[in-house]
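Structure assessment
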Amino acid sequence: MTSPALAPAPVREAIVATGVARRFGSVHAVTDATLTVPAGSVTALIGPNGCGKTTLMLMLSGLLRPDSGTITVAGCDPRTDAAAVRASIGWMPDQLGSWDNLTCLQTLTLMGEAYRIPRATARTRGMELLARVHLTEFAERPARVLSRGQKQRLSLARALVHDPAVLLLDEPANGLDPRSRIELRELVREFAAEGRAVLVSSHVLAELDEMVDDAIFMSQGRTLGDDAAAMVADAKTRYRIGATNPAQLQALLTQYQVAFEPEAGGAIVRVESQDHAAQSLSWIVEHGVAIHQFGPVGSALEQTYMAMNEERR
Amino acid sequence: MSTVTTEPGAVAPAHAPVSPPPRRGNPWAPTWHGVGLMARIELRRRRPTVKGYVFYGLTFAVTIGICILAAVMDTSELTSVPLELALILVMGVGALIAPSLSATSVNGDSTEGVLAPLQMSHLTAGDIAVGKLLASWCVAVIALLALSPFLVYAFLKSGWHLDELLVTIAAVLLVVLALTAVGLAWSSLAARAVASVALAHLTTGVLLIGTLVLYGVASIAVTDTVTYTDRYIDWEQLSEEEAQALDAAYVSGDYSSLDPADYTCTEHEYTSGVAHTERVAWILLLNPAVMVAETAPVVDPETYIRDGRAAPGLFSGIHTAVSGARVGPFEDDLGNVTQWDECAEIFGTGDGAGAGEEADAQTAEELEAEWALEEQDWQEYERAVATTAPAPWPGVAVCVVLLFGSMALVIQRLRVPYKKLRKGTRVA
Ligand SMILES: Nc1ncnc2c1ncn2[C@@H]1O[C@H](COP(=O)(O)OP(=O)(O)O)[C@@H](O)[C@H]1O
Ligand SMILES: [Mg+2]
């Protein structure tokens with residue numbers, strides 16, 4: 001339920017960036033980043049430490065000027081309309097910062113006022129957001145006493161005070177407990193369902209798998225476009241088969257010329273769809289092989305990430 | 001990767017609709033709403049703890065105590081010194097604390113990670129800069145308010161007029177505001193808070209003490225050497241009897257028995273420096289403390305009782321010292337005249353030839369008249385110095401330039417998107 005004022009003309013492509021680059025002195029933090037985030041969807045930004053995720057997000061949010069390349073956010077160019085770009089973005093920084101002496105509710109109310117929302121409305125909105133991130137009981141307590149994960153959730157609430165059309169979440173899952181992670185995943189899906197564009201960077205790949213529509217891999221300041229997308233698509237088709245007698249399974253697959261990767265406990269095969277998987281399973285069982293495990297290999301993102309085999313900076 | 005497809009609005013909980021106004025371009029100018037909000041945020045963050053309130057309460061109680069003590073020991077004579085001390089106290093507290101606060105407020109916030117979220121909001125760079133400036137400056141205003149009971153008491157005894165007090169208070173607050181702005185500027189330039197606080201206090205020191213040192217050095221550069229000539233009896237050419245006769249004459253004061261022909265006069269020339277301080281006195285006027293003193297009422301040392309004023313106090317003292325420098329040296333000190341002439345005093349003539357008793361007596365009268373004239377000249381000079389029209393404007397100009405220059409710099413440094421970052425810092 002985005003307010004009509006925020007979505008003047010429905011912009012399908014909420015974020016478009018082409019050939020963005022930025023360096024700090026001699027450090028090339030981002031050398032060539034190209035990405036598109038459609039409205040109403042969640043896109044992941046994945047890459048090792050120091051590959052330039054935060055720097056890219058800062059440029060998208062209109063806090064940092066790119067050395068080259070073009071950016072459009074919610075239909076505005078940060079070079080000419082930086083204020084409009086910033087106004088349309090809810091940004092959750094990876095650095096945890098909060099006003100220690102102020103209560104959670106005061107923080108959100110003042111932040112709302114900074115967006116020129118009347119104080120009473122900002123206060124109501126603050127209470128709602130606290131409820132949404134499960135911090136209601138901390139409303140009147142100073143931010144100083146919050147734990148890391150709670151601060152993280154307050155930071156997420158702060159990014160939402162002005163009902164932004166675009167959300168940039170920089171490693172939001174850092175420091176969250178398992179339950180909070182699942183809740184975050186649901187929240188992020190809700191944001192997308194509300195029509196917002198969400199770009200989320202994270203290391204917790206297994207979590208991302210379940211919440212993102214698209215993934216952008218970054219390595220040494222570069223976004224890996226179609227190659228990485230193909231790898232993700234491929235990784236999604238990989239199924240692991242565990243047999244009580246692996247040799248028998250591998251012999252069967254070899255006999256019928258099915259491509260497979262042999263493993264100690266069985267084999268990995270590629271299936272095109274869930275139906276195909278079901279057919280394959282019954283076919284193997286019909287041939288008398290005892291199967292104790294059959295399913296996707298694991299996080300497609302994680303597999304792609306590991307397969308990229310890039311060096312950490 | 002799951003693709004949860006939900007109808008927009010189906011999941012969203014009902015929430016208060018918020019509609020921030022749309023924005024265009026990248027404005028930087030301060031706005032009333034933004035400055036007020038930023039100052040409120042800063043003041044709330046710095047709100048003292050319980051311990052702080054106890055400390056401030058004690059300070060306030062001590063101040064009131066001193067005030068009562070001073071009232072009890074009342075001499076019922078007008079005196080401006082307590083008022084001047086109170087104003088100096090406000091300026092001292094303000095100049096020490098306010099810049100310390102402002103000097104940590106940009107780089108400190110950036111380190112804590114609370115600056116960037118504000119820059120993302122509708123607050124402009126001007127809002128953030130001016131809001132932070134005013135919040136830090138408030139310390140000086142609070143110090144003033146805390147001292148206000150004492151100020152009222154001191155003012156009633158000071159012989160100042162209300163408008164004069166208001167002008168001087170305004171000057172004190174302007175000085176503190178300018179120094180606070182300088183602290184903020186250092187804070188936006190230096191990466192670390194320690195460095196910017198040190199630099200802020202260094203700037204204050206340069207303005208308050210550095211100008212005095214510079215004036216001292218500069219006045220050496222404008223010192224002219226002047227030659228003075230003394231004439232006296234040459235003892236080395238005297239015989240023993242003549243020397244004894246002269247000694248006796250010194251004791252009795254009767255020189256008539258001496259024969260001028262026996263005594264030769266000798267001349268001695270020496271040089272001394274006279275500083276033409278009027279050429280460098282403007283350096284003193286740049287000093288903020290001098291500027292504050294220059295805004296105080298001028299007290300005429302001869303007519304102050306008739307004028308209903310207190311005797312010249314601290315600020316009058318500063319004004320007199322500065323005006324002395326501005327007026328320059330006393331004319332008679334400018335040299336190239338015979339300063340002391342023993343032969344003329346004793347024998348009534350310069351060369352000691354054919355002098356008699358009459359000549360001697362006449363010279364004494366003439367001398368007295370001359371001395372009286374000189375004395376009068378000196379007094380007029382002193383009075384002219386004390387009542388020289390005050391010149392606070394150079395100091396005011398320095399403060400205004402520092403204030404606006406610093407704020408322009410801070411606003412420029414706070415504008416996003418950043419082109420350049422402070423060396424060794426991250427945005428977030
Ligand atoms: N302000 C800065 N000054 C100098 N180097 C920087 C700055 N910000 C980032 N970098 C460098 O740029 C690279 C990318 O940083 P960052 O975007 O923070 O990576 P990530 O968020 O992907 O871990 C790193 O090597 C980092 O050291
Ligand atoms: Mg990062």
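Residues numbered from 1 in each chain as written. Chains lettered and ligands numbered in written order. Predicted model: local features only at pLDDT ≥ 70, side-chain atom pairs only at ≥ 80, totals over all residues. Heavy atoms only, no water.

1. Structural notes on the overall build of chain B
- Counting secondary structure elements, chain B contains 16 helices and three strands.
- Relative to all contacts within chain B whose residues are 6 or more apart in sequence, the contacts with residues 24 or more apart total 87%.
- If you sum the accessible surface of chain B, you get close to 22200 Å²; carbon and sulfur atoms cover 64% of it. (Helix = DSSP H or I, 4+ residues; strand = E, 2+ residues; numbered from the N terminus. Contact = heavy atoms within 4.5 Å. Areas by Shrake-Rupley, 256 points an atom, 1.4 Å probe, with all protein chains shown as cover.)

2. Some details on the interface of chain A and chain B
- Counting from both sides, the interface comprises 62 residues of chain A and, opposite them, 55 residues of chain B.
- Note on chain A versus chain B: buried area summed over both sides is about 5200 Å², and carbon and sulfur give 59% of it.
- Across the pair Asp81 of chain A and Arg24 of chain B runs a salt bridge whose closest N-O atoms are separated by 2.4 Å.
- The tally of links from chain A across to chain B stands at 15 residue pairs in polar contact (both at pLDDT 80 or more).
- When residues of the side of chain A that touches chain B are assigned to their parent elements, the largest contribution, six residues, is made by helix H4 (residues 119-132) of chain A.
- Class assignment for the residues of the side of chain A that touches chain B results in 28 nonpolar, 13 polar and 21 charged. (Buried area = accessible area lost by both parts, 1.4 Å probe. Salt bridge = Lys/Arg side-chain N within 4 Å of Asp/Glu carboxyl O. Polar contact = N/O pair within 3.5 Å; in protein donor to acceptor, adjacent residues only side chain to side chain. Nonpolar A, V, L, I, M, F, W, Y, C, P; charged D, E, K, R; others polar.)

3. A few points about the confidence of the model for chain B
All names here are of chain B.
- The pLDDT averaged across chain B works out to 83; a share of 89% of its residues lies at or above 70.
- Segment residues 1-14 is flagged for pLDDT under 50; beyond a separation of four residues in sequence, or across chains, it makes 26 contacts in the model.
- Note on residues 350-361: pLDDT is under 50 here. Beyond four places in sequence and across chains, it has 12 contacts.
- Interface confidence in the predicted complex, given as ipTM, is 0.85; pTM for the same model is 0.85. (pLDDT = per-residue confidence, 0-100.)

4. Here we look at the nonpolar core
- Within the largest apolar cluster, 146 residues are counted, with the highest numbers of intra-cluster contacts made by Ile15, Leu56, Leu168, Leu208 and Leu301 of chain A.
- If sequence neighbours within four positions are ignored, Leu168 of chain A has contacts with Ile15, Met57, Leu60, Ser61, Ile89, Gly90, Trp91, Met92 and Leu199 of chain A. (Core = buried A, V, L, I, M, F, W, Y, C linked by side-chain atoms within 4.5 Å. Buried < 20%, exposed > 50% of the residue type's maximum accessible area, 1.4 Å probe, protein only.)

5. Quick word on the side chain of Thr204 of chain B
Residues and elements named next belong to chain B.
- Mapped onto the secondary structure, Thr204 falls in helix H9 (residues 193-221).
- The buried category is assigned to Thr204, whose relative accessible area is 8%.
- Within the local environment of Thr204, its side chain forms a polar contact with the backbone oxygen of Ala200, the two atoms lying 3.1 Å apart.
- In contact with Thr204, not counting residues within four places along its chain, are Ala95 and Leu179.

6. Regarding the site of ligand 1
- Taken together, 14 residues sit near ligand 1, with Gly50, Lys53, Thr54 and Thr55 of chain A together with Arg426 of chain B positioned nearest.
- Around ligand 1, the nearby residues trace back to chains A and B.
- Interatomic distance of 2.7 Å between a backbone N/O atom of Gly50 of chain A and an oxygen atom of ligand 1.
- At a separation of 3.0 Å, an oxygen atom of ligand 1 approaches a polar backbone atom of Gly52 of chain A.
- Burial of ligand 1 by the surrounding chains reaches 76%, relative to a free accessible area of 560 Å².
- Secondary-structure elements contributing two or more residues to the shell around ligand 1 are strand E2 (27-38) and helix H1 (53-60) of chain A.
- It is H1 of chain A that provides the largest number of residues to the shell around ligand 1, a total of three residues. (Near = heavy atom within 4 Å.)

7. Some words on a negative patch on the surface
- A cluster of acidic residues, Glu365, Glu366, Glu368, Glu370, Glu374, Glu375, Asp377, Glu380 and Glu382 of chain B, forms a negative patch on the protein surface.
- Relative to the helices and strands, Glu380 of chain B resides in helix H15 (residues 357-386). (Patch = residues over 30% accessible without salt bridge, like charges linked within 9 Å, V, L, I, M, F, W, Y side chains within 5 Å. Lys, Arg positive; Asp, Glu negative; His and termini not counted. Charge placed at Lys NZ, Arg CZ, Asp CG, Glu CD.)

8. Points about the domain arrangement of chain B
Residues and elements named next belong to chain B.
- According to the domain assignment, chain B contains domain 1 (28-217 + 392-414) and domain 2 (223-275 + 297-386).
- Inter-centroid distance (C-alpha atoms) of domain 1 to domain 2 is 51 Å.
- With 15 residues of domain 1 at the interface, the matching set in domain 2 holds 10 residues.
- Three residues, Leu78, Glu84 and Glu164, lead the burial of domain 1 against domain 2; their summed loss comes to 39% of the area buried on that side.
- For the pair domain 1 and domain 2, the interface holds one salt bridge.
- We note a salt bridge from Glu164 to Arg309, for which the minimum N-O separation is 2.8 Å.
- Linking domain 1 to domain 2 there are four residue pairs in polar contact (both at pLDDT 80 or more).
- Contributions of two or more residues to the side of domain 1 that touches domain 2 are made by helix H3 (81-102) and helix H8 (162-189).
- In terms of residue class, the side of domain 1 that touches domain 2 is built from seven nonpolar, six polar and two charged. (Domains from an automatic or database assignment.)

9. Focus: unusual backbone geometry
- Going from Val416 of chain B to Pro417 of chain B, the amide bond is cis rather than trans, its omega being 0°.
- Its place among the elements puts Pro417 of chain B in the segment after helix H16 (393-414).
- Residue Glu171 of chain A is not a glycine yet carries a positive backbone phi of 50°.
- Despite not being glycine, Gln257 of chain A shows a phi value in the positive range, around 55°.
- Within the secondary structure, Gln257 of chain A sits in the loop between helix H9 (246-255) and strand E11 (261-263).
- With a relative accessible area of 74%, Gln257 of chain A lands in the exposed category.

10. Structural notes on the pairing of strand E10 (residues 238-243) of chain A
Residues and elements named next belong to chain A.
- Along E10, five of the six residues are buried, which leaves the element largely enclosed by surrounding structure.
- Alignment of E10 against strand E12 (residues 266-270), held across five bridges, turns out to be antiparallel. If you follow Ile241 over to E12, its bridge partner there is Ala267. (Pairing = 2+ DSSP bridges.)

11. Some remarks on the packing of H8 of chain B against H16 of chain B
All names here are of chain B.
- Running from amino to carboxyl end, H8 crosses H16 at an angle of 30°, the nearest separation of the two axes being 8 Å. The angle between the axes of H8 and H16 places the two elements in the roughly parallel class. Remark: the crossing between H8 and H16 carries left-handed chirality. Listed contacts from H16 to Leu174, Val175, Leu177, Ala178, Ala181, Val182, Leu184, Ala185, Ser188 and Leu189 of H8 are Val396, Cys399, Leu402, Leu403, Ser406, Met407, Leu409, Val410 and Arg413.
- Of the residues contributing to the contact of H8 with H16, the split by class is 16 nonpolar, two polar and one charged. (Axes fitted to C-alpha atoms, helices over the stretch in contact; angles between N-to-C directions. Parallel < 35°, antiparallel > 145°, perpendicular 65-115°, else oblique. Left-handed = near helix turned anticlockwise from the far one by under 90°.)

12. Concerning a nonpolar patch on the surface
All names here are of chain B.
- A surface patch of nonpolar side chains, about 460 Å² in accessible area, is lined by Ile68, Leu69, Val72 and Met73.
- Following the sequence through the fold, Leu69 ends up in helix H2 (residues 50-72).
- Look at Leu69 and you get exposed, because its relative accessible area is 53%.

13. Brief notes about the sheet that holds E11 of chain A
Residue and element names in this part refer to chain A.
- Read across the open sheet, the four strands follow the order E11-E12-E10-E13; overall the sheet is antiparallel. A single partner strand is all that each edge strand has here, and the edge strands are E11 and strand E13 (291-296). Shown here is a sheet whose adjacent strand axes are inclined to one another by a mean of 20°, direction ignored.
- Bridge count for E10 against E13 is five bridges, and the pairing is antiparallel. Across the sheet, the residue bridging to Arg240 is Gly295, located in E13.
- Most of the contacts of H9 go to E12, to which it runs at about 35°, and overall it touches E10, E11, E12 and E13.

14. A short note on H3 of chain B
- Between the first and last C-alpha of H3 of chain B there are 31 Å, a value that for 22 residues agrees with the 32 Å anticipated at 1.5 Å per step.
- On its buried face, H3 of chain B is in contact with helix H6 (125-146), helix H7 (148-156), H8, H9, helix H12 (288-295) and helix H13 (314-327) of chain B. (Expected span 1.5 Å × (residues − 1).)

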